[in-house]
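# Structural description and commentary
Each chain, written out:
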Amino acid sequence: MKFYRTGGDEFYIIFNDPADMEQQIWKLYHTVREYNNCHVHQISFAMGTSVGTIRNYHELRQLLKQADDAMYMQKNEMHKEHELSLIHISEPTRPEPIS
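Now for a look at the structure at hand. Please read these numbers as outputs of a predicted model, since none were measured by experiment.

## Thoughts on the overall build of the chain
Scanning the chain from terminus to terminus reveals two helices and two strands. Ordered by position from N to C terminus, the α and β elements of the chain give β-β-α-α. Put simply, the chain has 99 residues, and 12% of those count as buried. Counting contacts in the chain only where the partners sit at least 6 residues apart, residues at least 24 apart contribute 31% of the total. When the accessible area of the chain is evaluated, it comes to approximately 8,900 Å², of which 56% is carbon and sulfur surface.

## Digging into the layout of surface pockets
Taken as a whole, the largest pocket holds about 1,200 Å³ of empty space. Within the residue set of the lining of the largest pocket, elements represented by two or more residues are β2 (11-14), α1 (18-38) and α2 (57-90). When grouped by side-chain class, the residues that make up the lining of the largest pocket number 22 nonpolar, 11 polar and six charged.

## Some words on the side chain of asparagine 36
Position of asparagine 36 relative to the elements: it lies in helix α1. The class of asparagine 36 is buried, set by a relative accessible area of 16%. In contact with asparagine 36, not counting residues within four places along its chain, are His41, Gln42 and Ile43.

Cut-offs applied
Residues numbered from 1 in each chain as written. Predicted model: local features only at pLDDT ≥ 70, side-chain atom pairs only at ≥ 80, totals over all residues. Heavy atoms only, no water. Helix = DSSP H or I, 4+ residues; strand = E, 2+ residues; numbered from the N terminus. Buried < 20%, exposed > 50% of the residue type's maximum accessible area, 1.4 Å probe, protein only. Contact = heavy atoms within 4.5 Å. Areas by Shrake-Rupley, 256 points an atom, 1.4 Å probe, with all protein chains shown as cover. 1 Å grid on protein atoms, 1.4 Å probe; cavity = no way out; pocket = protein on both sides within 12 Å on 5 of 7 lines; lining within 4 Å. Points joined across faces, edges and corners; volume = space filled by probe spheres on them. Nonpolar A, V, L, I, M, F, W, Y, C, P; charged D, E, K, R; others polar.

Right, dumping it as C-alpha cells:
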C-alpha cells in the first residue's frame, strides 16, 4: 500500500491487493466511528474507490478519475443528508390549539 497526498485534504492510496483495500477501508470506518463516539468534535470524510490493473499512465488516470468521481458522489450525498437534518432540526413546531 502506498499513500500519495494530492491536495490540501485529498489523498490517494494505491493497494496491490483489492482484498487488502476492503479490509483497510473497514478498519478506517471503524476507527473513525470509535473516535466520534468518544469525542465532541467529529471526523467526517468522503471516499471513492476503483479497482483495476495499471499498465500505463492512461489506465492510472482512468482509475484515479473513477475514484474521484465516486468520492464526489459520496460527498454530495453527505451534503444532502446534512441539509435534511438541518431542515428537520430547524423546522418550527406548531403549538397545539387550545380548546
